[in-house]
Amino acid sequence: GGQLCLTAPGLIDEFTIRVREIFDAAPNCRIISISPDDGFGWCKCPQCLELDRQLCGGRAPRVKLLHESPFVGDWLFWFGNEVARRIAESHPDHKLLMLAYVNYVEPSDSVQPASNIVPFVCHYVPADYSRAISDPSSEANRQFNELLLKWRELSPNMMIYSYVGKSTWWNLPRPILQTFAADIKYFHELGIRRYFCQSALAGWDRDGPLYYVLTKLLWDPQANPQTLADEWIKGMFGPAADEMTTFYVCVEKSVKKTGKPFADNPPGEVPGLFDRVELDLALRAIERAEKVPAPETVRTRVNRVAQIFRNDYWIILCLEEDELGPPLLVKVLFYTGLPITIFGCLLAFRRQSSAQRHGMRGSPSFWLMISVFLMLLIADRALNLRESVIEIMRSFVESQDWYQSRNIRRIVFVTVAGVGGFLIVGSLIRSAFGQLKKNVPALVATIVLGGFFLVQATSFHEAYLPSPFLQFDTAFRQTFAGLRSQWIVELVSVTAIATSALLTSRRSDIATS
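Residues numbered from 1 in each chain as written. Predicted model: local features only at pLDDT ≥ 70, side-chain atom pairs only at ≥ 80, totals over all residues. Heavy atoms only, no water.

> Describe the overall build of the protein, and please don't skip the residues or the numbers.
Scanning the protein from terminus to terminus reveals 20 helices and five strands. Counting every position in the protein, which comprises 513 residues, the buried fraction comes to 50%. Taking the contacts inside the protein whose residues are at least 6 apart along the sequence as the reference set, 71% of them involve residues at least 24 apart. With an accessible surface of roughly 25600 Å², the protein has 60% of that area assigned to carbon and sulfur atoms. (Helix = DSSP H or I, 4+ residues; strand = E, 2+ residues; numbered from the N terminus. Buried < 20%, exposed > 50% of the residue type's maximum accessible area, 1.4 Å probe, protein only. Contact = heavy atoms within 4.5 Å. Areas by Shrake-Rupley, 256 points an atom, 1.4 Å probe, with all protein chains shown as cover.)

Dropping the structure here:
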């Protein structure tokens, strides 16, 4: 279950009583929603199935949905009309909202909404947020536009449910300012005067002037969206406004250039969605903005936007790399690295124990060195797996009451990642120091590689990363930003360290013998 049984005896009367109570208790309340809950779980009792069969023959939705579901718009609006008819007798000037969404976003073939019902039409499925609803080049929006026009004809007093916040969910830059601005103008041309915006209003550092522009357009649909955006950027960033304008324009272009649509699956839609050149231009623009002399409030705002964008930038690269898959050489290293690591460690400790039993100083073997280097490489190459595990962990622990404090979250994650990273680096240095104390370059390279892994381990989210780590991580990444494949840099580093370790190990073995 999950949804109410709409044919349950007394349910319509109970709804009517409750709605009247709300209207009577709040004289200024002129409209209230009687929409179903989010999600599915529709009643399948014989009475509901028979009602569905009578109204529409139990047909499926005609539009493409995310999941196979029955069409339920007929019996939902039948139920809404029954309540609306009773409310009209006692409150003739009041309205009832009824959501049109997912598998009931289509108008019913057999039930026309009552005059005091306001259909609440949600642009979710079908949807393409990269283009305006009126753009016929988008098949998803073409389908939704057909539904929209049918709803307007059936109920001129309809309302739009705009998924502004949902279209930018999962904390990725998904520029929609121009397309949603075009939608508001289109709704106004159609005579639609009710607009509801789903939003968190907490993402100004990622969404920029989006909400400001949409709010202004609701008062004046003919206003120029870019002029309004520039007005907001100037007020927010003062002397850094020019660079921030360039930043927002480049982010917008990064999606427009590829022309790839996006809707409700941010991780799956990222590969190929963004133009890398425009993203890099946006990154450079915000770096220039950070250097502009400005008041403290402005610098704080710029730094916040920069911090968020850098996090998004590297998430995008990780998701794109995960889609393309690692190079063949990295796959070979990954699948051979684990058995080599296990074998190498066992062999090294056996040799170490044997040397100690015979009163010899002994030293970690070359196999141990190679094993640890491969382990670091595998750990770093398993970045996407690590991100997935962390996301699962975070989803669990953030649901706990004790974990709501941002400071506690920061302490927990940085401590876990930091201790784990230092244990790996510490064991590496301890096992290798006997060999490497006379080989300073190899020791330095080992520490640098281990430090990089430590930074990686703590940089999964900018909110939990101490500022020095974030600066080091950013500087390291930007140093090699010109390389499309970061694995080349890592492979070269590992090869150099392994070669140095091999030479040192051979010298040590000769000296021991």
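> Run through the nonpolar core, naming residues and quoting values.
Core analysis: the biggest nonpolar cluster contains 105 residues, and Leu 96, Leu 148, Phe 237, Met 244 and Phe 247 have the highest contact counts within it. For this core, the leading source of residues is helix 13 (residues 296-324), giving ten residues. Setting aside chain neighbours within four positions, we find Leu 148 in contact with Ile 133, Met 158, Ile 160, Tyr 186, Phe 187, Leu 190 and Ile 192. (Core = buried A, V, L, I, M, F, W, Y, C linked by side-chain atoms within 4.5 Å.)

> Quick rundown of the pattern of salt bridges? Include the residues and the values.
Counted under the stated rule, the structure contains 21 salt bridges. With a closest N to O distance of 4.0 Å, Glu 106 and Arg 62 form a salt bridge. Here Glu 106 is found in the loop between strand 2 (95-100) and strand 3 (117-122), whereas its partner Arg 62 is found in the loop between helix 2 (46-56) and helix 3 (73-90), with 44 residues between them in sequence. Accessibility expressed as a relative area gives 4% for Glu 106, which makes it buried. Among the residues examined, Arg 62 registers a relative accessible area of 56% and is labelled exposed. The network of salt bridges with common partners includes Asp 13, Glu 82, Arg 85 and Arg 86. (Salt bridge = Lys/Arg side-chain N within 4 Å of Asp/Glu carboxyl O.)

> An account of the packing of helix 10 (residues 241-256) against helix 12 (residues 276-291) is requested, with residue identities and associated values reported.
Following both chains from N to C, one finds helix 10 and helix 12 inclined at 165°, their axes separated by 8 Å at the closest point. As far as their axial angle goes, helix 12 and helix 10 are roughly antiparallel. The element helix 10 and its partner helix 12 pack so that their crossing is left-handed. Where helix 10 approaches helix 12, its residues Glu 243, Met 244, Thr 246, Phe 247, Cys 250, Val 251, Lys 253 and Ser 254 are matched on the opposing element by Glu 278, Leu 279, Leu 281, Ala 282, Ala 285, Ile 286, Arg 288 and Ala 289. Taken together, the residues of the contact of helix 10 with helix 12 sort by class into ten nonpolar, two polar and four charged. (Axes fitted to C-alpha atoms, helices over the stretch in contact; angles between N-to-C directions. Parallel < 35°, antiparallel > 145°, perpendicular 65-115°, else oblique. Left-handed = near helix turned anticlockwise from the far one by under 90°. Nonpolar A, V, L, I, M, F, W, Y, C, P; charged D, E, K, R; others polar.)

> Can you explain helix 1 (residues 11-25)? Please cite residues and give values.
Here helix 1 spans 21 Å end to end across 15 residues, near enough to the 21 Å set by a 1.5 Å rise per residue. Taken together, the buried positions of helix 1 are occupied by Leu 11, Ile 12, Thr 16, Val 19 and Phe 23. All buried residues of helix 1 project into a common sector of 135° when viewed along the axis, lining one side. Exposed side chains of helix 1 directed beyond 90 degrees from the buried face belong to Asp 24 and Ala 25. Residues of helix 1 that are buried sit in contact with strand 1 (31-33), helix 3 and strand 2. (Expected span 1.5 Å × (residues − 1). Arc of directions from axis to C-beta.)

> Could you give an account of the side chain of Ser 138, naming the residues involved and the relevant values?
Of note, Ser 138 is situated in the loop between strand 3 and helix 4 (139-154). Owing to a relative accessible area of 4%, Ser 138 belongs among the buried residues under this scheme. Ignoring sequence-local partners within four residues, the contact set of Ser 138 consists of Asp 128 and Arg 131.

> Break down the packing of helix 8 (residues 210-219) against helix 9 (residues 225-237) for me, citing the residues and quoting the values.
Close contact between helix 8 and helix 9 brings their axes to 9 Å; oriented N to C, the two are set at 130°. Considering their axes alone, helix 8 and helix 9 lie oblique with respect to each other. In this structure, the crossing between helix 8 and helix 9 has a hand that is right-handed. Residues Tyr 212, Val 213, Lys 216 and Leu 217 of helix 8 form the contact with helix 9, whose participating residues are Pro 225, Leu 228, Ala 229, Glu 231 and Trp 232.

> Summarise helix 6 (residues 177-189); cite the residues concerned and give the values.
The terminal C-alpha atoms of helix 6, which comprises 13 residues, lie 19 Å apart, in line with the 18 Å expected from a rise of 1.5 Å per residue. Turning to helix 6, its buried residues are Leu 177, Thr 179, Phe 180, Ala 181, Asp 183, Ile 184, Tyr 186 and Phe 187.

> Please give an account of the environment of Leu 55 that cites residues and values.
Position of Leu 55 relative to the elements: it lies in helix 2. Sequence spacing of Leu 55 and Asp 109 is 54 residues, and the spatial spacing of their C-alpha atoms is 8.1 Å. What Leu 55 contacts, discounting residues up to four positions off in sequence, is Asp 74, Trp 75, Trp 78, Ser 110 and Val 111.

> Please give an account of the packing of aromatic side chains that cites residues and values.
One pass over the structure, following the stated rule, counts 18 aromatic pairs. On the basis of an interplanar angle of 45° and a centroid distance of 6.0 Å, the ring pair of Tyr 129 and Phe 180 is categorised as tilted. On the criterion of sequence distance, the pair formed by Tyr 129 in the loop between strand 3 and helix 4 and Phe 180 in helix 6 is long-range, its members being 51 residues apart. Accessibility classification places Tyr 129 together with Phe 180 in one group, the buried group. (Phe/Tyr/Trp six-rings, centres within 6.5 Å; stacked < 30°, edge-to-face > 60°.)

> Could you give an account of the pairing of strand 4 (residues 159-162), with specific residues and numbers?
Across the two faces of strand 4 the burial is the same, with Met 159 and Tyr 161 and Ile 160 and Ser 162 all buried. One crossover worth recording links strand 3 to the parallel strand 4 by way of helix 4, and it is right-handed. In the sheet, strand 4 pairs with strand 5 (residues 195-197) via three bridges, with the strands oriented parallel. Each residue of the ladder has a partner; that of Tyr 161, found in strand 5, is Phe 196. (Right-handed = clockwise from strand over helix to strand, strands pointing away. Pairing = 2+ DSSP bridges.)

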